[in-house]
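Architecture at a glance
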Amino acid sequence: MNKFKAFVVKKKQRESTQPLIENNIVIQDGFKQAPCTKYENALVQNTLDIHKEQRLQSEEQITPEKLAGLLQVSLEDGSCCSTHRQLNAEQQHLCLVQRSVDQHFPKLPADVDQNLHQYLENVQKMVITEFVRLGSPLTRMGLMGSLIDCYHRETFTRLDDLLQNVRSSKNSFGLMKWVLHTYLSPEMLCHPELQEVDPIKKVDLLLFTELVGQAKDKLLENVENEVKVFLEKILQNERDKETVKDDLYVDTIQCIDAMIEAGRQISQKLSGRVQDVCFQELLNFLTQYTNEQTEIFEKKAKVDKPEIKDVLKILKNCKKIKQYIQTKEIKTSLLKETLAVLDNMETFTLKVLKEITADMTERYLKKYFKSENKEFHLLILDLKHLFSELQGFQGVQMRVVHEAYKLVTYLYLKHFIQRSKNKLLRCWSPDVGRTFNQDAEMLQETFSKLAPGVEQWHLMLLSVRELDECESFDAVKLTVAWMHDEYHTWSDFMEILPALLRWKGLSKRKIMELEDIQKDLPNYQPRAGSVSWFLCFNW
């Protein structure tokens, strides 16, 4: 009768556990198991192991002395186990297991940043050694699950301690890589002799996820601080040298790229987060850099003109960094803001370049159109000297020459039409057109050598001679229409066109008629804030 009651009790116990196991299967179904285990669900397997260990425990009598000897720990050391008589057998066993873990686990190094790699290797070696050494006997005793659980928890505790002491991004990446790629790897926890106990399935996934999140936050913090310090050193070097560094972009890009690549070695998603942090620091750096360079240029302008080489260096740095960030997939708002800073700096720098070029050009042209001397060839010599270092800045060479050539051409025309034909005939020669053409060709030859393939702005000057030689108003209409089609986007030229027509000798009525004709041409753009394009001149 007693045997029957015992059978009924056991049957009810088995039946009462079935819904719990089935529920856990549903709850845990989302977790993906490590490749070294064949079990579908870690929590279910843990439950089964506990029952198995409870059954095995009855097969082998465990004494504290025998377990302490196996674990290589002392019974009498003042800890809780020294009072084992006051504890039940299970509590004594767990206490000894925990003491073994505490005793065998490597101590944290005094200098974590210097010894992190070696410490993690020691942890990996120790865990494998202890699991293999104790696997068989503790499995027979039903305590292997407790040992594995203690080691997992102790590992998480030590890793958390490491996170508080890691200061470099290199070690942050190393620690994150170890947690994600080494700790749960077959090389560490899937030793052939551990297949039956399978330590990976006993990992507390919630604790593990929390640890990974903390490691990621610490990593991003260290990356941010390190990039900020590195970029600040670049700025300080610029201040100390008092000259612009032409390869500033190289150090800047290498610093950021190294961080992004280190993240990519671990996880594509982590790399994206690292990239966001780096580009935010890059934006801060560029904002400060451009503000400082603008201030330096403005101060120099009050005393003397900035060196053209410094202008070229800044343009090169802006261009290279702009090309770099446009190859990356970053937040739209961050990309736009960064590009805006670079665009503004390029615009300001080109403005400085134009001011330097214009000052020198006008100094010669003011004399050139008022005297018999040949100042123009002296201007050409100075232009060649001004841009003599362009060959070292091929990335910005074309843009610089394009802007300078366009500006010099415009200034030439502006000063030309300020002198009447009669005065030009007296100062130059009867053949004004011939001299005009020679100057235009000389400009083209000069600037095309500085940047082969540059736009031929001298054609605008040649069209001016063609306009002057028009003998009929219909011919004038055709030439002006061609000028409009070619240069309608060149606002400076379009604004000076009425004065050019007046210089030719056209009447007010005919100039207004040409204005009406242009209104019907494609791409016509009236002057902003003006009723009539031509009425802005005094007649």
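The structure displayed is predicted, hence computed values, not measured ones. (Residues numbered from 1 in each chain as written. Predicted model: local features only at pLDDT ≥ 70, side-chain atom pairs only at ≥ 80, totals over all residues. Heavy atoms only, no water.)

Looking now at the nonpolar core. Ranked by internal contacts, the top residues of the largest apolar core, which has 155 residues, are Phe387 and Phe493. If one sorts the elements of this core by residue count, helix α13 (residues 332-368) sits on top with 15 residues. Residues contacting Phe493, with those up to four places away along its chain left out, are Tyr410, Leu413, Met460, Met483 and Tyr487. (Core = buried A, V, L, I, M, F, W, Y, C linked by side-chain atoms within 4.5 Å. Buried < 20%, exposed > 50% of the residue type's maximum accessible area, 1.4 Å probe, protein only. Helix = DSSP H or I, 4+ residues; strand = E, 2+ residues; numbered from the N terminus. Contact = heavy atoms within 4.5 Å.)

Running from amino to carboxyl end, helix α14 (residues 375-386) crosses helix α17 (residues 432-450) at an angle of 10°, the nearest separation of the two axes being 11 Å. Considered as vectors, α14 and α17 are oriented roughly parallel to each other. Note on packing geometry: the crossing formed by α14 with α17 is right-handed. Counting all contacts with α14, which are made through Phe376, Ile380, Leu383 and Lys384, the residues of α17 involved are Asp439, Met442, Leu443, Thr446 and Phe447. (Axes fitted to C-alpha atoms, helices over the stretch in contact; angles between N-to-C directions. Parallel < 35°, antiparallel > 145°, perpendicular 65-115°, else oblique. Left-handed = near helix turned anticlockwise from the far one by under 90°.)

Going through the model one piece at a time under the given rule, you end up with 1 cavity of 30 Å³ or more. What the largest cavity holds in volume is close to 30 Å³. Looking at the largest cavity, the residues that line it are Asp149, His152, Arg153, Phe156, Lys202, Val203, Asp204 and Leu207. Among the elements that make up the lining of the largest cavity, the one with the highest residue count is helix α6 (residues 144-165) (4 residues). Tallied by class, residues from the lining of the largest cavity come to 3 nonpolar, 1 polar and 4 charged. (1 Å grid on protein atoms, 1.4 Å probe; cavity = no way out; pocket = protein on both sides within 12 Å on 5 of 7 lines; lining within 4 Å. Points joined across faces, edges and corners; volume = space filled by probe spheres on them. Nonpolar A, V, L, I, M, F, W, Y, C, P; charged D, E, K, R; others polar.)

On to the pattern of salt bridges, then. The full count for this structure, using the stated rule, is 24 salt bridges. Between Lys299 and Glu295 there is a salt bridge, with its nearest N and O atoms 3.4 Å apart. Highlighted residues: Lys299 and Glu295, both in helix α11 (residues 268-303), separated by 4 residues, approximately one helical turn. Taking relative accessible area as the criterion, Lys299 reaches 54% and is therefore assigned exposed. What makes Glu295 partly exposed here is its relative accessible area of 44%. A network of salt bridges, in which partner residues are shared, links Lys322, Asp343, Glu346 and Arg399. (Salt bridge = Lys/Arg side-chain N within 4 Å of Asp/Glu carboxyl O.)

Next up on the list: the state of the cysteines. Tallied over the entire structure, the rule returns 0 disulfides. Looking at Cys255, it has no disulfide partner, and the nearest cysteine sulfur is the one in Cys278, 6.7 Å off. On the basis of relative accessible area, Cys255 is assigned to the buried category, the value being 10%. (Disulfide = S-S within 2.5 Å.)

Our focus in this paragraph is the packing of α11 against α13. For any two helices packed against each other, the geometry is given by the interaxial angle and the distance between the axes. Put simply, α11 and α13 touch, their axes get as near as 10 Å, and they point 20° apart. Relative to α13, the element α11 lies roughly parallel. When you trace α11 past α13, the crossing you get is left-handed. Residues Asp276, Phe279, Gln280, Leu283, Leu286, Thr287, Thr290, Gln293, Thr294, Phe297 and Glu298 of α11 form the contact with α13, whose own contacting residues are Leu334, Glu337, Thr338, Val341, Leu342, Met345, Phe348, Thr349 and Val352. Class assignment of the residues belonging to the contact of α11 with α13 gives a composition of 10 nonpolar, 7 polar and 3 charged.

Moving on, we come to helix α3 (residues 64-71). Taken together, the buried positions of α3 are Pro64, Leu67, Ala68 and Leu71. Viewed end-on, α3 has its buried residues packed into an arc of 100°, placing them on one side of the element. (Arc of directions from axis to C-beta.)

Averaged over every residue, the pLDDT of the protein is 81; residues scoring 70 or more account for 81%. Of all the helices and strands in the protein, helix α1 (residues 2-27) carries the lowest mean pLDDT, 39, while helix α10 (residues 248-264) carries the highest, 94. Contacts for the low-pLDDT stretch residues 54-59, under 50 throughout, to residues beyond four places or in other chains number 5 contacts. Confidence drops under a pLDDT of 50 for residues 529-539, and excluding neighbours within four residues, the segment shows 25 contacts in the predicted structure. (pLDDT = per-residue confidence, 0-100.)

Scanning all chains against the criterion turns up 24 aromatic pairs. Between Phe156 and Phe208 the ring centres are 6.3 Å apart and the planes differ by 45°, which places this aromatic pair in the tilted class. On the criterion of sequence distance, the pair formed by Phe156 in helix α6 and Phe208 in helix α9 (residues 205-241) is long-range, its members being 52 residues apart. You can call Phe156 buried: its relative accessible area is 8%. A relative accessible area of 12% means that Phe208 is categorised as buried. Here the aromatic rings of Trp482 and Tyr487 are separated by 5.9 Å at their centres, their planes lie at 85°, and the arrangement is edge-to-face. (Phe/Tyr/Trp six-rings, centres within 6.5 Å; stacked < 30°, edge-to-face > 60°.)

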